[in-house]
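As a plain string of letters, each chain reads:
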Amino acid sequence: MRLIYLALIAAAQFFLATTSFAIAQSWKIVPENSSIVFKATQNGAPVTGSFGKFSGSINFDPAQLNDSKVDIVIDMNSISTSYSDLTDTLKTAEWFNVKVFPQASFNACKFTKTGDNQYQADGTLTIRDKSQPVKLTFTLTITGEKAEAVGNTTLTRTAFGVGQGEWSSLDEIKDEVMINFRVNAVK
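Analysis parameters
- Residues numbered from 1 in each chain as written.
- Predicted model: local features only at pLDDT ≥ 70, side-chain atom pairs only at ≥ 80, totals over all residues.
- Heavy atoms only, no water.
- Helix = DSSP H or I, 4+ residues; strand = E, 2+ residues; numbered from the N terminus.
- Buried < 20%, exposed > 50% of the residue type's maximum accessible area, 1.4 Å probe, protein only.
- Areas by Shrake-Rupley, 256 points an atom, 1.4 Å probe, with all protein chains shown as cover.
- Contact = heavy atoms within 4.5 Å.
- Pairing = 2+ DSSP bridges.
- Salt bridge = Lys/Arg side-chain N within 4 Å of Asp/Glu carboxyl O.

**Quick word on the overall build of the protein**
- If you tally the helices and strands in the protein, you get 2 helices and 11 strands.
- Buried positions account for 35% of the 187 residues belonging to the protein.
- As presented, the protein carries roughly 11200 Å² of accessible surface, and 56% of it is formed by carbon and sulfur atoms.

Listed below in structure tokens is the structure:
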């Protein structure tokens, strides 16, 4: 009986030791060196803005893509544009409705290497309580204890209910919105 007990303990220790290597590296976002910027088109002219506050957990290892996971939360009240009137409008019920939906989120657990230091993240973006599949492409540079991911994606605003009522027409404000991001992180 004692031999079986020792064998079970040895097996458990081996399992714990081998599974600890399967956990992707944990990274902490450096907010002051990170950004999320968007670009839309209104009446043929570009309209740009950004979200100044976001946080989350990043567990990513290029050698262990199957064990990698990213969960990002965006503070929708941190939206900013060049014009205060536009910023205020984007916070209203017709647009992001930040009083009801103060956060957006992006979650991904499927990553594919697409080239040298280049990856695609297949995840889910939730804005205004509407979730849609999203593919982000990014370049990753890791230098020692620091990492920088720079990438983008294109969304359709109406899929998330952004721009309702008089703003739902695609004649003045186009449906496609380009998102560019830069995330700096440390171990």
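**Observations concerning the side chain of N97**
- Assignment of secondary structure puts N97 in the loop between α2 (84-90) and β7 (103-115).
- Here N97 falls in the buried class, since its relative accessible area comes to 13%.

**Some points on the environment of M76**
- Relative to the helices and strands, M76 resides in the loop between β5 (69-75) and β6 (79-81).
- The sequence separation of M76 and V98 amounts to 22 residues, and the corresponding C-alpha distance is 6.0 Å.
- What M76 contacts, discounting residues up to four positions off in sequence, is F51, F96, V98, F101, P102, Q103, A104 and I127.

**Comments concerning the pairing of strand β2 (residues 35-42)**
- When β2 meets strand β11 (residues 176-186), the two strands line up antiparallel, connected through 5 bridges. Directly across from V37, in β11, lies its bridge partner N180.
- Direction of pairing for β2 relative to strand β3 (residues 45-51): antiparallel, over a ladder of 7 bridges. Bridge pairing in β3 links V37 to S50.
- If you look at the hairpin formed by β2 and β3, you'll find 2 residues sitting between the two strands, and N43 has a positive phi there, around 50°.

**With respect to the pattern of salt bridges**
- Using the criterion set out here, one finds 3 salt bridges in the structure.
- Note that D122 is salt-bridged to K135, the shortest N-O span being 2.6 Å. Within this pair, whereas D122 is found in strand β8 (residues 118-127), its partner K135 is found in strand β9 (residues 130-143), the two being separated by 13 residues in sequence.
- Linking E148 and R182 is a salt bridge whose minimum nitrogen-to-oxygen distance equals 2.9 Å. On the criterion of sequence distance, the pair formed by E148 in strand β10 (residues 146-156) and R182 in strand β11 is long-range, its members being 34 residues apart.
- Of the residues examined, R182 reaches a relative accessible area of 35% and is grouped as partly exposed.

**Focus on the pairing of β9**
- The sheet contact formed by β8 and β9 spans 10 bridges and is antiparallel. Counterpart to Q120 in the pairing with β9 is T137.
- Counted along the chain from β8 to the antiparallel partner β9, the turn is 2 residues long, and its residue R128 has a positive phi close to 55°.
- Sheet topology note: the β9/β10 ladder contains 7 bridges and is antiparallel. Looking at β10, one finds that I142 is bridged to A147.
- Linking β9 back to β10 in an antiparallel pair, the connection comprises 2 residues, with G144 at a positive phi of about 60°.

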